[in-house]
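Residue-level structure breakdown
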Amino acid sequence: MNPLNRRNFLKDTCKACLVGAVSISMIDFLESCSTVKTYKAAMNGNQVEVPLNLFDTAPLQVVSPKNYAYEIAVRKLPDNTYDALLLRCTHQHNPLTPTGNGYLCSVHGSQFDKDGNVKKGPASTHLLQLKTEVNQSNLIIHV
Ligand code: FES
């Protein structure tokens, strides 16, 4: 193989590896989309109520408040506290899509992990964490 052909072979091989790695990374990120549940909830002022027994079936619930632009990812944590993240991209406020192991913005490709930390920009700040409180048999989320 002459040096010019060898250089082109290496260049083409590296491009193919890069495309393959990016594809595998996206597939991993999008895997298990179907396991995320969505619960439709009414808004009461700036509060959303979610029944606590909803978390008996799955610790992660995506709450979709009626007439509200964004969904909320709510998790029951091992210490029996709750974590609520507003699924609004911190780059330019696009609604996010749950992926099963994080959240994806379809506008410019930002990715967030399940805790709301930025995994990939252009977003640079953590998802907004909403205040929650337990009231008898419901979780109240303040939006
Ligand atoms: S609006 Fe989400 S990455 Fe730009």
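Structural data are supplied above this passage.
Keep in mind it's a predicted model, so treat the numbers as computed, not measured. (Residues numbered from 1 in each chain as written. Predicted model: local features only at pLDDT ≥ 70, side-chain atom pairs only at ≥ 80, totals over all residues. Heavy atoms only, no water.)

1. Observations concerning the side chain of Ser 110
The line we're drawing: In this description a helix means any DSSP run of H or I spanning at least four residues, a strand means any run of E spanning at least two, and both kinds are numbered starting from the N terminus. N or O atoms within 3.5 Å of each other form a polar contact, as long as, within protein, one can give a hydrogen and the other can take it, and as long as residues adjacent in sequence are counted only when both atoms are side-chain atoms. Residues count as neighbours in contact if any of their non-hydrogen atoms are within 4.5 Å of one another.
When you line up the elements, Ser 110 lands in the loop between β8 (102–104) and β9 (111–113). Of the polar contacts made by the side chain of Ser 110, one reaches the backbone nitrogen of Ala 123; its length is 2.8 Å. Among all residues touching Ser 110, those that are not within four sequence positions of it are Cys 89, Tyr 103, Leu 104, Cys 105, Lys 120, Gly 121, Pro 122 and Ala 123.

2. Considering unusual backbone geometry
Filter applied, for reference: Only protein chains enter the calculation, and the probe is 1.4 Å; a residue is then buried if its accessible area is under 20% of its type maximum, exposed if over 50%, and partly exposed in between.
Cis rather than trans, the peptide bond between Gly 121 and Pro 122 has omega equal to 20°. Looking at the secondary structure, you find Pro 122 in the loop between β10 (118–120) and β11 (129–135). Here the phi dihedral of Asn 67 falls at roughly 60°; this positive angle occurs in a residue that is not glycine. If you trace the backbone, Asn 67 turns up in the loop between β4 (60–65) and β5 (72–76). Given the relative accessible area of 76%, Asn 67 is considered exposed. Here the phi dihedral of His 93 falls at roughly 65°; this positive angle occurs in a residue that is not glycine.

3. Quick notes on the sheet that holds strand β7 (residues 97–98)
Filter applied, for reference: For two strands to count as paired, DSSP must find a minimum of two bridges between them.
With antiparallel pairing, the four strands of this open sheet are ordered in space as β7-β8-β9-β10. In the strand order of this sheet, the two ends are held by β7 and β10, each with one partner. One ladder, built from three bridges, connects β8 with β9; its direction is antiparallel. Each residue of the ladder has a partner; that of Leu 104, found in β9, is Gln 111.

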